[in-house]
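# Results of the structural survey
One letter stands for each residue in the lines below.
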Amino acid sequence: MSLLSKVNRKTSLSKFIDRDENLKRTIDTKDLIMMGIGAVIGTGIFILPGTVAATTAGPGIILSFVLATIVCSLCAMCYAEFSSALPIAGSAYSFGNVIFGELTGWVIGWGLILEYMLSVATVSSGWSAYLQSFLRSFGIVIPKAISANYNPSKGTYVDIIAILIVVFISWILTNNVKSSTKLNDIMVLVKIAIIIIFVVAGIFFVKPGNWNPFLPFGVHGIFKGASLVFFAYLGFDVIASSAGEVKKPERTMPIGIIGTLLICTVLYILVSIVLTGIVPYTALNVSDPVTYALQVIHLDKLSVLISLGALAGMFTMMINMIYSSSRLIYSIGRDGLLPQKLSKINKKNNVPKRSIIFVTIIIAFMGGLVSLDKLASLVNIGTLIAFTFMSIGIIPLRKRKDINNSNGFKVPFYPILPIISALACIYLLTQLSLETWLTAIVWFIIGLVIYFGYGIKHSRTNNEK
């Protein structure tokens, strides 16, 4: 078999389903939506509406979220059709493998590894900083040497809290998926309740005059704002990674993906309306605009609730991202592109324990020891590349006679909407900095070296007759 035919060889859907037979389908529609909200709504909801309003869109941030939702909905519908037609673990990596071939699937998966692991590592550092700030208000101080990542010049060597929270979440996930979803559900409800408390309390202090002018940066500000807040929704793609463990995936997956997007949009817009109504948008360019707004209206005590909401938001985001990254590593190991030991399922709990341990070690190391400030933007590029392929992929998916999705979800106005979705993602990719692109190119070169040095030789697809 030639090299070209090997890298372009596609794995059949039936083989993926057979490889996933040890995964137990325990996740229902409610759990899936809760997972989606947990992944999408993090600390950003308490920061992004304020800072983008102050610097880019003004009160028009409300329309920016609407516009970003429209663009993101196109991607979400493409993911929903793929998840309905291909109910297998691995999200865009597995979908790309079936539709485009092994090399393309690997490139997508390698980009998603970057997104998932960097996201969790960055958030674990943020969670640690937030918790330490919260504890200091009660007079509890963590020793400086173990309070932040390795930086001897500042007297810090390891962020012990960032490591412990990642290990704790991984311990939860290795025990049972159902128990982890229950904990996630509770934390998501706490987070939503705190957001609603802010909206209900703040609405009585709204001054309509603060919405005038509504578009201080012009129409251009709305579009620029949309490109910034678009990244607030990136977490929804983690839902697709659970397709191998979802009950009735052809129905549950589309409802979970689209339902998540709608609920999160409503929450973002409500916070934006109230926040820009309480104080002038020009005053919101601060590190924590929601807390600042509460101080302006003399509801300082509510800021403690906001801190708890932020901690809950980051916690649920880490649960879902660690879960998704472990399923991604499991899927790549399942196919032989990484060591197959990573795909071994623990018979007691029906979870890929080794893949969870693998991602835990990497994430804990990065979150506890490495400064990730300059690498955080790489999360966007990995996600947008996956979004682009999933949008374009709807066209060849529809042409596949061996994949039956007659009773599942289908993107309306085919092929116009998938093409528009792909173009929108490509546009957002062009907005990323040159530094981000150069770093990403290095990452993908490393990925190609691993694929051609190891993956292609051990690929189950290429070794199966």
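Overview of the structure. For clarity, every value in this text was computed on a predicted model and none was experimentally measured.

## Some words on a nonpolar patch on the surface
On the surface, a nonpolar cluster with roughly 580 Å² of combined accessible area is contributed by Leu63, Val66, Ile70, Phe214, Leu215, Val219 and Phe223. Of all elements in the fold, only helix H5 (61-85) and helix H10 (218-229) reach the threshold of two or more residues within the nonpolar patch. In terms of residue count, H5 provides more of the nonpolar patch than any other element does, three residues in total.

## With respect to unusual backbone geometry
Looking along the chain, the bond that leaves Asn212 and enters Pro213 is cis, with omega of 5°. Mapped onto the secondary structure, Pro213 falls in the loop between helix H9 (177-203) and H10. Tyr414 connects to Pro415 through a cis peptide bond whose omega is 0°. Although it is not a glycine, His298 sits at a positive phi angle of roughly 60°.

## Some remarks on helix H6 (residues 91-99)
Count 3.6 residues to each turn of an α-helix, and residues three or four apart come out pointing the same way. H6 sits mainly inside the fold: nine of its nine residues count as buried. Looking at H6, one finds that the buried residues are Ser91, Ala92, Tyr93, Ser94, Phe95, Gly96, Asn97, Val98 and Ile99. Phi for Gly101, located one or two positions after H6, is positive at around 120°.

## Comments concerning the packing of helix H7 (residues 102-136) against helix H15 (residues 378-399)
Look at H7 against H15: their axes get within 8 Å of each other, and the N-to-C directions meet at 145°. The two elements H7 and H15 meet at a crossing, and its hand is left-handed. Contact residues: Thr104, Ile108, Gly111, Leu112, Leu114, Glu115, Leu118 and Ser119 in H7; Leu378, Val379, Gly382, Thr383, Ala386, Phe389 and Met390 in H15. The class makeup of the residues in the contact of H7 with H15 is nine nonpolar, five polar and one charged.

Criteria and cut-off values
Every chain's residues receive numbers from 1 upward, in the order its sequence appears when written. Reporting of local features is limited, given that this is a predicted model, to residues whose pLDDT is at least 70; pairs of side-chain atoms are given and counted only at 80 or more, and all residues count toward the totals for whole chains, interfaces and linings. As a rule here, side-chain values come from all non-hydrogen atoms in the structure, and water together with hydrogens is ignored. Like-charged residues are merged into a patch within 9 Å and nonpolar side chains (Val, Leu, Ile, Met, Phe, Trp, Tyr) within 5 Å, provided each residue has over 30% relative accessible area and no salt bridge. In this description, accessible areas are obtained by the Shrake-Rupley approach with a 1.4 Å probe, and a residue is regarded as covered only by the protein chains that are shown. A pairing counts as a salt bridge when a side-chain nitrogen of Lys or Arg comes within 4 Å of a carboxyl oxygen of Asp or Glu. Numbered from the N terminus, helices here are DSSP runs of H or I no shorter than four residues, and strands are runs of E no shorter than two. Only protein chains enter the accessibility calculation, which uses a 1.4 Å probe; a residue is then buried when its area is under 20% of its type maximum, exposed when over 50%, and partly exposed in between. Here the axes come from fitting lines to C-alpha atoms, over the contacting stretch only for helices, and the angles between their N-to-C directions go from 0 to 180 degrees. What makes a crossing left-handed is the near helix being turned counterclockwise from the far one by less than a right angle; a clockwise turn instead makes it right-handed. Residue contacts are counted whenever heavy atoms from the two residues lie within 4.5 Å of one another. When residue character is reported, Ala, Val, Leu, Ile, Met, Phe, Trp, Tyr, Cys and Pro are called nonpolar, Asp, Glu, Lys and Arg charged, and the others, Gly included, polar.

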